[in-house]
Amino acid sequence: MCELFGFSSKIPVQINDYLKEFYSHSEEHPHGWGLACMDGKEVMIEKEPVKASASQYLKSRLTVPVQVKNAFAHIRYATIGNVDYKNSHPYTGKDRSGRRWTLIHNGTIFDYPPLNKYVSIQNGDTDSERILLYFIDEINEAMEHRQRELSAEERFRLLDSIVQEMARGNKLNLMLYDGELMYVHTNFAGSLYKLEKEDQIMISTSPLSKENWHPVTFTTFLAYREGKKVYQGVNHGNEYIESEENLKFLYQIFSNL
């Protein structure tokens, strides 16, 4: 599976040591790396469809301080979608209000029909990109219905309702940033941990240091602003448990990459 890293803080903090540890896991996740540094509407994304440990660019990049308020990092183990730049995370896009959304995902959508229509219009081949396109469309539809932009709480409640449904039968570990809130969700046990400090939170697929990491709240959609949790959704209970059928599905797809 892929690995995820997310960071939210009230003030800019240098995170190079955590990123170096995170990207060192790429021997088992060799199909691409990505980094998004985010501050409000400004998002800088760097990524390559190569193993992070083999990237001379990334090695050079991490010699320069990465000092940020918000960041995502991703290392990919491809299941759906070829090993290609267009299939590398993070993904980003704007809604009709100009709000920029950025997403990283670890998991597989086995069955969620609302995503099917995006297969013919997405740039790449991944279900992850389809998730982002769907989220943005749902936000746009809600704004059109209300004839105004959504508040932070309205955005959260809408996405919470979608995630509850999407998580049913699907593996849905994701992080999403909208210029204000960092959203987090996991429904696969033991696959997302958090490290909380004063006015900052760090979330990763596995602990990145000997500090006091704890599991992220399970099967529950969460949102953070400047390092503090501000919204918590319904515990939907839709835990993803690997089955023989799902493993066969993944093997068939992976053998075609």
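A short note on the overall build of the chain
Helix and strand content of the chain: 5 helices and 13 strands. The C-alpha radius of gyration computed for the chain amounts to 17 Å, which stays within 12% of the reference 18 Å derived for 257 residues, consistent with globular compactness. Dimensions of the chain along its principal axes, counting C-alpha atoms only, are 50 × 45 × 30 Å. Within the chain, the fraction of its 257 residues that count as buried is 53%. Considering only contacts within the chain whose residues lie at least 6 apart along the sequence, 67% involve residues at least 24 apart. Accessible area for the chain stands at about 11600 Å²; split by element, carbon and sulfur atoms hold 47% of it. Distance between charge centres in the chain, computed from 29 positive and 35 negative side chains, equals 3 Å.

Side note on the sheet that holds strand β13 (residues 228-232)
Backbone-to-backbone hydrogen bonds join strands into a sheet, with any given pair of strands oriented parallel or antiparallel. Spatial strand order, β5-β6-β7-β8-β12-β13: 6 strands in an open sheet with antiparallel pairing. The strands lining the two open edges of the sheet, one partner per strand, are β5 (91-94) and β13. Pairwise comparison of adjacent strand axes, ignoring direction, gives a mean angle of 25 degrees for this sheet. Taken together, the 4 bridges between strand β12 (residues 222-225) and β13 define a ladder with antiparallel strand orientation. Residue pairing across strands places A223 opposite Y231, the latter belonging to β13. Where helix α3 (residues 127-146) meets the sheet, it contacts β5, β6 (100-108) and β7 (171-177), and its direction lies at approximately 135 degrees from that of β6. Contacts between helix α4 (residues 152-166) and the sheet are confined to β6, β7, β8 (182-185), β12 and β13, with β13 contributing the most and set at about 65 degrees to the helix.

A few points about the pairing of strand β4 (residues 67-75)
Within β4, 7 of the 9 residues are buried, leaving the element largely enclosed by the surrounding structure. For strand β1 (residues 3-14) and β4, the ladder comprises 8 bridges, and the chain directions are antiparallel. Bridging from a neighbouring strand, Q14 pairs with Q67 of β4. Where strand β2 (residues 33-39) lies against β4, 6 bridges are found, and the strand directions are antiparallel. Each bridged residue has a counterpart across the sheet, and for C37 the counterpart in β4 is A71.

Quick look at the sheet that holds β2
If you trace the 7 strands from one edge of the open sheet to the other, you get β3-β2-β4-β1-β10-β9-β11, paired in antiparallel fashion. Single-partner strands in this sheet number two, and they are β3 (42-48) and β11 (214-215). Sheet strands touched by helix α1 (residues 16-23): β1, β2, β4, β9 (193-197) and β10 (200-204). Its angle to β4, the strand with the most contacts, is close to 5 degrees.

Describing the confidence of the model for the chain
In the predicted model, the chain carries a mean pLDDT of 93, and 93% of its residues have values of at least 70. In the predicted structure, residues 253-257 sits below a pLDDT of 50 and forms 11 contacts with residues beyond four places in sequence or in another chain.

Quick look at the packing of α3 against α4
At a closest axis distance of 11 Å, the pairing of α3 and α4 adopts a crossing angle of 135 degrees. As summarised for this structure, α3 and α4 are arranged oblique, according to the angle between their axes. Judged by the twist between their axes, the crossing of α3 over α4 is right-handed. In this structure, α3 contributes I131, Y134, F135, E138, I139, A142 and R146 to the contact, and α4 contributes E154, R155, L158, L159, I162, V163 and M166. Each residue belonging to the contact of α3 with α4 can be placed in one class, and the counts come to 10 nonpolar, no polar and 4 charged.

Thoughts on the packing of aromatic side chains
For the structure on display, the rule yields 13 aromatic pairs. Here the aromatic rings of W101 and Y183 are separated by 6.1 Å at their centres, their planes lie at 15 degrees, and the arrangement is stacked. Taken together, the residues span a long stretch of sequence, with W101 in strand β6 and Y183 in strand β8 at a distance of 82 residues. The exposure class of W101 is buried, given its relative accessible area of 1%. Relative accessible area serves as the criterion here: at 0%, Y183 is assigned to the buried category. Judged by centre distance (5.8 Å) and plane angle (75 degrees), the rings of Y112 and Y134 are edge-to-face. Pair noted here: Y112 is in the loop between β6 and α3 and Y134 is in helix α3, with a separation of 22 residues, a long-range link. The pair Y112 / Y134 is uniform in exposure class, with both members buried. An aromatic cluster is present here, built from F5, F22, Y23, W33 and Y57 joined pairwise through their rings. Here K47 stacks its cationic end above the ring of Y91, 5.2 Å away from the centre of that ring. The cationic tip of K171 hangs over the ring face of F188; the distance from NZ or CZ to the ring centre is 4.4 Å.

The rules we used
- Residues numbered from 1 in each chain as written.
- Predicted model: local features only at pLDDT ≥ 70, side-chain atom pairs only at ≥ 80, totals over all residues.
- Heavy atoms only, no water.
- Helix = DSSP H or I, 4+ residues; strand = E, 2+ residues; numbered from the N terminus.
- Rg over C-alpha atoms; globule rule 2.2 N^0.38 Å.
- Buried < 20%, exposed > 50% of the residue type's maximum accessible area, 1.4 Å probe, protein only.
- Contact = heavy atoms within 4.5 Å.
- Areas by Shrake-Rupley, 256 points an atom, 1.4 Å probe, with all protein chains shown as cover.
- Lys, Arg positive; Asp, Glu negative; His and termini not counted.
- Charge placed at Lys NZ, Arg CZ, Asp CG, Glu CD.
- Pairing = 2+ DSSP bridges.
- Axes fitted to C-alpha atoms, helices over the stretch in contact; angles between N-to-C directions.
- pLDDT = per-residue confidence, 0-100.
- Parallel < 35°, antiparallel > 145°, perpendicular 65-115°, else oblique.
- Left-handed = near helix turned anticlockwise from the far one by under 90°.
- Nonpolar A, V, L, I, M, F, W, Y, C, P; charged D, E, K, R; others polar.
- Phe/Tyr/Trp six-rings, centres within 6.5 Å; stacked < 30°, edge-to-face > 60°.
- Lys NZ or Arg CZ within 6 Å of the ring centre and 35° of its normal.

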